[in-house]
Amino acid sequence: MENYTSISKQDVDKAVEIARNIRGYYFTKMVGQNRLCTSLLVSIMCNGHILLESVPGLAKTTAAKTMTEAVNGSFSRIQCTPDLLPSDITGTQILNYSTNSFETKLGPVYANFVLLDEINRSSAKTQSAMLEVMQEHQVTIGGEMYQMPEVFTVIATQNPIEQEGTYLLAEAQLDRFLMKEKLIYPSAEEEMEILNRIESQVFATAQAVASIEDVRFLQELVKKVYLDDSIKRYIVEIVNATRYPEKYIGPGLAQYITLGASTRGAIALMEVAKAIAILSGRDYVVPEDVKAMVHSVLRHRIALNYAAVADGVSEEKIIEAIIGAIPTP
């Protein structure tokens, strides 16, 4: 590759060490949720956004705050409600009576890590206010643009059970998320450990184990990871299979798909694969890196019809069928 910049072994080792320290910090505050740890770490490394879905009480907020503390970043939490206004998130202009002029007050979105709690409880108008900031890393207030911090990750949560008083996220909004992770209940052993930690108060405050500069180092390193053309073609074919599923998985499963992944999905799959390669101590991508988090990257980019719900066909089942139908390079 002409644009390929080699990565030294020292840089790869440094990246692995930073990631190991962040993981270690994560598990001082969290019990279980290993996949969530990897997903959050990959999102940060790709400077992307992540959507977390689960029933209440599975430590989504705690996980987001823990990752922020680990790298000593700025954290902001926005509780989404139906009456939340766009200006409550992005900021607004207020009149300063002493100077008789308007001053811009940036909203809570201006932080390294922004937790949008129960994003599906905010109105479509408020959700759309996040489109510009998530995609362009900027907000426009009073005709002026304000750039977000270099390291900027939105961690949104939603509850799939309670649908009363909620607003479905539009496809354009969902597509802005690098990944969507579904959290499951902890095992009995993990829940025992949680109770023991709470009872003995071992959730002690710890020092940050990395910095925002370390995060920037990881992000720059991910961009340099080598991706062979054969792996690119593999990614393109996976995404193409979500758009024209009859050619790959037959009419039986294809009938359930109403919308496939966009080009943004292919880019996300590439970026995530590169991050996984670094976490594995490599400066090049192998097919297993693409497969590692393919469900997280594509599950919110494939729209299924009502027949799929009735027949119990999930996005994960569709993705598994696609991965099984495409030869691994």
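Refer to the structure printed above.
Conventions we followed
- Residues numbered from 1 in each chain as written.
- Predicted model: local features only at pLDDT ≥ 70, side-chain atom pairs only at ≥ 80, totals over all residues.
- Heavy atoms only, no water.
- Phe/Tyr/Trp six-rings, centres within 6.5 Å; stacked < 30°, edge-to-face > 60°.
- Lys NZ or Arg CZ within 6 Å of the ring centre and 35° of its normal.
- Salt bridge = Lys/Arg side-chain N within 4 Å of Asp/Glu carboxyl O.
- Buried < 20%, exposed > 50% of the residue type's maximum accessible area, 1.4 Å probe, protein only.
- Axes fitted to C-alpha atoms, helices over the stretch in contact; angles between N-to-C directions.
- Helix = DSSP H or I, 4+ residues; strand = E, 2+ residues; numbered from the N terminus.
- Parallel < 35°, antiparallel > 145°, perpendicular 65-115°, else oblique.
- Contact = heavy atoms within 4.5 Å.
- Nonpolar A, V, L, I, M, F, W, Y, C, P; charged D, E, K, R; others polar.
- Pairing = 2+ DSSP bridges.

Caption draft 1: Just the packing of aromatic side chains, in detail. Tallied over the full model, the rule gives one aromatic pair. A centroid spacing of 4.9 Å and a plane angle of 90° characterise the contact between Tyr26 and Phe27, whose relative ring orientation is edge-to-face. Here the basic side chain of Lys14 rests over the ring of Phe217, its NZ or CZ set 4.3 Å away from the ring centre. When the ring centre of Tyr284 is taken as origin, the NZ or CZ atom of Arg282, which lies over that ring, is 5.6 Å away.

Caption draft 2: Broad picture of the pattern of salt bridges. According to the stated counting rule, one finds 18 salt bridges in the structure shown. Glu118 is the partner of Arg121 in a salt bridge, and the nearest nitrogen-oxygen pair spans 3.4 Å. Given the relative accessible area of 15%, Arg121 is considered buried. Three or more residues are tied together by salt bridges with common partners; here these are Arg35, Glu181, Lys182, Arg299 and Glu316.

Caption draft 3: Spotlight on the packing of helix H8 (residues 212-224) against helix H11 (residues 263-279). Axis separation between H8 and H11 bottoms out at 9 Å; the angle between their running directions is 110°. Comparing their axes, H11 and H8 come out roughly perpendicular. Residues Leu221, Val222 and Lys223 of H8 form the contact with H11, whose participating residues are Glu271, Lys274, Ala275 and Ile278. Across the contact of H8 with H11, the residue classes tally to four nonpolar, no polar and three charged.

Caption draft 4: Broad picture of the sheet that holds strand S1 (residues 50-53). Spatial ordering of the open sheet is given by S2-S5-S8-S1-S9, a layout of five strands whose pairing is parallel. Either end of the sheet is taken by a strand with one partner, and the two such strands are strand S2 (75-79) and strand S9 (179-182). In this sheet, adjacent strand axes meet at a mean angle of 20° when their direction is disregarded. The pairing of S1 with strand S8 (residues 153-158) spans four bridges and is classified as parallel.

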